[in-house]
Each structure stands twice: as C-alpha cells, then as structure tokens.
Amino acid sequence: MSRLGWLGIVLLVVLSGCTTPETVAPTPVAEWIVVDEARLVDGVIRYGGESLLPEGACLQTQLFADGAPVMWWPINTCVPVTAGRWRIEVPLGVGDAPAALDPAALYTLRAWDFEDPQRQSLLLLLDLPPAPPPPAILEVFPLGLGHTWVYSVTVAESLLGEWAGVITQTVTAVHAEEGGWLFRLETLGHPLKQGLAASVYYAAVDNRLYRSSSYEYAATVVAREGIGDEGLLQLTWPLAVGEHWGAADLDPGYHIWVEAEEAGCYLLTIRTNPDHLFREFCPGEGIRTLLYGHHGSLHDEQWVLLAFLPGAASE
C-alpha cells in the first residue's frame, strides 16, 4: 500500500476515535454590556446597566445627540463594573457640560469594554422627563432657545475711552424643571469683555424672573421657588407704576422701581449712590433700551434695540 494510503487510514482511525465536544454558542456581543437606565434627574444625566464582564472591568461611554458624538461627554472616564452593574452620572452645568440639554435633540448612549471595544452595548434613548408648562412670566419676556436681541451700544469708560458698536444677546440653553425654567443668556461684542461671551442665567418661576451669574444658584432659586431671593428678582408681572421690589435688608434705593408706563412699555429703574440703571421693558419683546451711569469713575453705557430675532425653535 502506498504511503498516502496508509496516511488516509491513520487519519480515519484518529477522527473516528475523537469525541466531538458539545457546541457552546458564543455570548452575543450586545449581551456583554446592557444599558437599562437612561434618565435625566435634577440636572444629572444617569446611564447604567448590567454587564457580564469581570469585576472591576473598565467601560467607556459616549453620548450622542441626533446621532453625532457630544464633545463635552467624558468619554475617557473609566466606568467600573461592580457586582455585575455599572453606572455613570454626568451633571449638567459643570465643567464643559452645558447648563441644559437641547430639548429638540434625541440623546442616546453607547458603552463598550475598554479592553475589547467589540463588546459594546446597543444604543439606548435618554428618557427625558416631560417638560412642565412654561411659567407665566415667559408670556411677556420671551426667552426661547435661540432668541437673539441685537443692540446698538455706546460705551464711555475711563480706561477704554469711547466705543460704539453692536452687541448681541442670545439664549443658548433652556432647561425646564418642575418648579421653573432655567435659561443661559450669552452676550457677545461687549468691549469690556474683550469679545468673549459673558453668560448670565435667568430663573423663571411663575410670574417672576430672577437673574444670577451662575447656573447653580439659578437652579437653587427654582428649587426654593424664589423664596429669599428677592435681591435677584428682575421682573414680575403684571406691573404697576409706583411698585418696587428687592431684598428686604437693602435700602429701597437698591430696589427696582416701576417709574413710568408709556405705550404699553415700562421704565424700570435702580437709583443708588454709586450708579443708576434705567431699562425700558416692553412685553413680548424684552428690554428695548438701557441706560447705565456710574457716579464715580467714568463708566456710561447706552443700549438701543435694533432687532429681536426669535429662535428657530419658536418659528
């Protein structure tokens, strides 16, 4: 018999003597990491779920808005697997995260194994709580996402000298909570801000509008429904000539006074020893004119509204 013939017999014997082990189906990729929690609670994004990965394994995550990666999401943060579970929490308004999510966008998240990115979860839609109805004050002071006010401004300041130009203010974030709504307003073009955006935050609670320099404090105003925050109150509705408001421990000179009404618009003033501020408020439009004057070193500003441009979301 030829050498090839003997080799065929040997292989036949070997193969016939082997027992085939029971076939074990591989674990589907999507089952290694499961996302079963996707919520926005009190301004904190919470994603979590189960994992078949070993204890202490490191997951990475990515948030998407309408299918595009969100650049401020902490993608390099290690999310450990503990007792078969994992969770990541990212607060809004902290670090690079915006103060609020875009209510018109759809947010999804994917998680994957740092050691083996092929083991990744399916996308899960972020469950956003239904937005509460808008506070009544928004009926007269429009603060929709993307709303922009364009002003012609003149500034006279001791170090700057005299300046004239255009300044815009735009609502860049809106976040609705149970007790009220939060807004971020960015100012562009102010010469004393060196061209950078200056952000302020508004809290709309019922028929009142409060202003703060930080998102965290504006959120606190909403949480306690403005109680104890009279010093931040910028507007209430309806208005009546002669009324005023402000913190109880402040001299009435530091209060905002409704001094006059003409053609449906109201003159709101603050007259103190160091400075004064006059604003013309027109319902449905916002601040039409603003006049600021400092009584010490030179600092005067005059703002005149050129255009109010509603955001695309309200069109």
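Asks: I'd like a description of the state of the cysteines, backed by residues and values.
Replies: Within this structure, the stated rule accounts for 2 disulfides. At a sulfur-sulfur separation of 2.1 Å, the disulfide partner of cysteine 265 is cysteine 282. Measuring the twist about the S-S bond at about 115°, one finds the cysteine 265-cysteine 282 disulfide to be right-handed. Taken as a pair, cysteine 265 in strand E17 (residues 265-271) and cysteine 282 in strand E18 (residues 275-282) lie far apart in primary sequence, 17 residues in all. Pair check on accessibility: cysteine 265 and cysteine 282 agree, each one buried. Disulfides within the protein chain link the bonded cysteines, taken in sequence order, as 1-2, 3-4.

Asks: Got a sec to walk through the packing of aromatic side chains? Specific residues and values, please.
Replies: One pass over the full model with this rule turns up 10 aromatic pairs. Aromatic pair phenylalanine 141 and phenylalanine 281: ring centres 5.9 Å apart, planes at 5°, arrangement stacked. Taken together, the residues span a long stretch of sequence, with phenylalanine 141 in the loop between strand E8 (124-125) and strand E9 (148-157) and phenylalanine 281 in strand E18 at a distance of 140 residues. Assessed through its relative accessible area of 9%, phenylalanine 141 is described here as buried. For phenylalanine 281, a relative accessible area of 0% translates into the label buried. Between tryptophan 237 and phenylalanine 281, the ring centres sit 6.3 Å apart and the planes meet at 70°, which makes this aromatic pair edge-to-face. Taken together, the positions of tryptophan 237 in the loop between strand E14 (233-236) and strand E15 (244-245) and phenylalanine 281 in strand E18 put the pair 44 residues apart, joining distant regions of the chain. Among the residues examined, tryptophan 237 registers a relative accessible area of 26% and is labelled partly exposed. By way of ring pairs, the aromatic residues Phe141, Trp149, Tyr202, Trp237, Tyr266, Phe281 and Phe308 are connected into one cluster. When the ring centre of tryptophan 32 is taken as reference, the NZ or CZ atom of arginine 119 above it lies at 3.8 Å.

Asks: With reference to specific residues and values, describe the layout of surface pockets.
Replies: In this structure, the largest pocket occupies an estimated 1000 Å³ of space. If you go around the largest pocket, you meet 39 residues; those closest to its centre are Arg211, Gln234, Leu277, Arg279 and Leu290. For the lining of the largest pocket, the element with the highest residue contribution is E18, accounting for 4 residues. Its residues assigned to classes, the lining of the largest pocket comprises 24 nonpolar, 9 polar and 6 charged.

Asks: Describe in detail the side chain of glutamine 62, supporting the description with residues and values.
Replies: Secondary-structure assignment places glutamine 62 in strand E3 (residues 58-65). Look at glutamine 62 and you get buried, because its relative accessible area is 9%. A polar atom in the side chain of glutamine 62 sits 3.2 Å from the backbone oxygen of valine 70. Excluding residues within four positions of it along the chain, glutamine 62 makes contact with Pro69, Val70, Trp73, Ile75, Thr108, Leu109, Arg110 and Trp112.

Asks: Kindly report on the sheet that holds strand E2 (residues 44-51), identifying the contributing residues and their values.
Replies: Strand order across the open sheet formed by 3 strands is E1-E2-E6, with antiparallel pairing between neighbours. Where the open sheet ends on each side, the last strands, each with one partner, are strand E1 (33-41) and strand E6 (85-91). Across the sheet, the axes of successive neighbouring strands diverge by a mean angle of 15°, strand direction being ignored.

Asks: Account for the pattern of salt bridges, naming residues and giving values.
Replies: For the structure on display, the rule yields 10 salt bridges. A salt bridge links arginine 288 to glutamate 285, with the shortest nitrogen-to-oxygen separation between them at 2.8 Å. Residue arginine 288 is classed as partly exposed on the basis of its relative accessible area, which comes to 33%. Here the salt bridges share partners, and the residues they tie into one network are Glu37, Arg39, Arg46, Arg87 and Glu89.

About the criteria used
Residues numbered from 1 in each chain as written. Predicted model: local features only at pLDDT ≥ 70, side-chain atom pairs only at ≥ 80, totals over all residues. Heavy atoms only, no water. Disulfide = S-S within 2.5 Å. Helix = DSSP H or I, 4+ residues; strand = E, 2+ residues; numbered from the N terminus. Buried < 20%, exposed > 50% of the residue type's maximum accessible area, 1.4 Å probe, protein only. Phe/Tyr/Trp six-rings, centres within 6.5 Å; stacked < 30°, edge-to-face > 60°. Lys NZ or Arg CZ within 6 Å of the ring centre and 35° of its normal. 1 Å grid on protein atoms, 1.4 Å probe; cavity = no way out; pocket = protein on both sides within 12 Å on 5 of 7 lines; lining within 4 Å. Points joined across faces, edges and corners; volume = space filled by probe spheres on them. Nonpolar A, V, L, I, M, F, W, Y, C, P; charged D, E, K, R; others polar. Polar contact = N/O pair within 3.5 Å; in protein donor to acceptor, adjacent residues only side chain to side chain. Contact = heavy atoms within 4.5 Å. Pairing = 2+ DSSP bridges. Axes fitted to C-alpha atoms, helices over the stretch in contact; angles between N-to-C directions. Salt bridge = Lys/Arg side-chain N within 4 Å of Asp/Glu carboxyl O.

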